[in-house]
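Each chain, letter by letter, is given below.
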Amino acid sequence: MAKPLPKMGSRRNGRISSRKNARKVPKGVIHIQASFNNTIVTITDVRGRVISWSSAGTCGFRGTRRGTPFAAQTAAGNAIRTVVDQGMQRAEVMIKGPGLGRDAALRAIRRSGILLSFVRDVTPMPHNGCRPPKKRRV
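Residues numbered from 1 in each chain as written. Predicted model: local features only at pLDDT ≥ 70, side-chain atom pairs only at ≥ 80, totals over all residues. Heavy atoms only, no water.

### Points about the environment of Ala 105
Test applied: The numbering of helices and of strands both runs from the N terminus, where a helix is a DSSP run of H or I of at least 4 residues and a strand a run of E of at least 2. Whether two residues are in contact is decided by their heavy atoms, any of which lying within 4.5 Å being enough.
Structurally, Ala 105 is set in helix α3 (residues 101–111). Taking the C-alpha atoms as reference points, Ala 105 and Phe 70, separated by 35 residues in sequence, lie 8.6 Å from one another. Not counting chain neighbours up to four residues away, the residues in contact with Ala 105 comprise Ile 32, Ala 72 and Ala 76.

### Examining the packing of helix α2 (residues 69–85) against α3
Defined as follows: A fitted line through C-alpha atoms represents every axis, and for helices the fit uses only the stretch in contact; the resulting angles, taken between N-to-C directions, go from 0 to 180 degrees. By convention the crossing between two helices is left-handed if the near helix lies anticlockwise of the far one by an angle smaller than a right angle, and right-handed if it lies clockwise.
The interhelical angle for the contact between α2 and α3, taken along N-to-C directions, is 35 degrees, at an axis separation of 8 Å. The hand of the α2/α3 crossing is right-handed. Residues Pro 69, Ala 72, Gln 73, Ala 76 and Ile 80 of α2 form the contact with α3, whose participating residues are Gly 101, Ala 104, Ala 105, Ala 108, Ile 109 and Arg 111.

### Re α2
Put simply, the test is: Expected span, for any helix, means 1.5 Å times one less than how many residues it has. Three labels apply to residues, based on accessible area from a 1.4 Å probe with only protein chains included: buried if under 20% of the type maximum, exposed if over 50%, partly exposed otherwise in between. This arc is taken over the directions from the axis of the helix to the C-beta atoms.
Over its 17 residues, α2 extends 25 Å from the first C-alpha to the last, a length consistent with the 24 Å expected when each residue adds 1.5 Å. For α2, the set of buried residues is Ala 71, Ala 72, Ala 75, Ala 76, Ala 79, Ile 80 and Val 83. Looking down the long axis of α2, one finds its buried residues gathered within 160 degrees of arc, a one-sided arrangement. Those residues of α2 that are exposed and angled more than 90 degrees off the buried face are Phe 70, Arg 81 and Asp 85. Those residues of α2 that are buried lie in contact with β2 (39–45), β3 (50–55) and α3. Once α2 ends, the next one or two residues include Gly 87, with phi positive near 100 degrees.

### Digging into the nonpolar core
Selection rule: Here, nonpolar core refers to any group of buried Ala, Val, Leu, Ile, Met, Phe, Trp, Tyr and Cys residues whose side-chain atoms link them within 4.5 Å.
Counting 22 residues, the largest nonpolar core has Ile 30, Ile 32, Ile 43 and Met 88 as its most contacted members. Elements with a minimum of two residues in this core: β1 (27–34), β2, α2, β4 (90–96) and α3. If you tally residues by element for this core, the top one is α2, at 6 residues.

### A short note on the environment of Thr 68
Note that Thr 68 resides in the loop between β3 and α2. In sequence terms Thr 68 and Leu 100 are 32 residues apart; their C-alpha atoms lie 6.2 Å from each other.

### Observations regarding the sheet that holds β3
Keep this limit in mind: Pairing between strands is defined by DSSP: at least two bridges between them are needed.
Taking strand neighbours across the sheet as the criterion, the 5 strands line up as β3-β2-β1-β4-β5 in an open arrangement whose pairing is mixed. Whereas interior strands pair on both sides, the edge strands pair on one side only; in this sheet they are β3 and β5 (115–121). Strand-to-strand, the axes of this sheet are offset by a mean angle of 15 degrees, without reference to chain direction. One ladder, built from 7 bridges, connects β1 with β2; its direction is antiparallel.

### Things to note about the pairing of β2
Buried residues dominate β2, accounting for 6 of its 7 residues. Sheet topology note: the β2/β3 ladder contains 5 bridges and is antiparallel. Residue Ile 43 lies in a different strand from β3, and its bridge partner there is Ser 52. Two successive antiparallel strands, β2 and β3, enclose a turn made up of 4 residues, where Gly 48 displays a positive phi of approximately 105 degrees.

### Here we look at the packing of aromatic side chains
Put simply, the test is: Stacked, tilted and edge-to-face are the three classes applied to pairs of Phe, Tyr and Trp rings, where Trp contributes its six-membered ring and a pair requires centres within 6.5 Å; stacked means planes under 30 degrees apart, edge-to-face means over 60, and tilted covers the rest.
This model, assessed by the stated rule, comprises 1 aromatic pair. For the ring pair Phe 61 and Phe 70, a centre distance of 5.9 Å and an interplane angle of 85 degrees mean the geometry is edge-to-face. We classify Phe 61 as buried; its relative accessible area is 15%.

Just distances and angles here, no functional claims.
Written out as structure tokens, the structure reads:
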């Protein structure tokens, strides 16, 4: 019977942590996805690789409070804090969705000190595509 190998730190974990610390990102793209139920903030480099992300749910908000502007502001602040430490100075902002957290997340980004080159609304708009669901009768 073979002897069990001594447990050592996995190679994969060490490689990932060293790469994250070594990567300096001067410019990036901030994606804000604001639905009625949640707000997700994802920060990528210009090639689209995710550097940091946060959502109202991961910040500890549950239920209907996830869709509030304050939850979106907190999520944006958490996501930005990590990339500012990595040296990001400039960013582009892409906002998607009709939720309440759109403006609050953008306000939190502006307050963080990152220079915004442009803010673009990329909400998908149908050109008379699918038939919408029937109207609610309350």
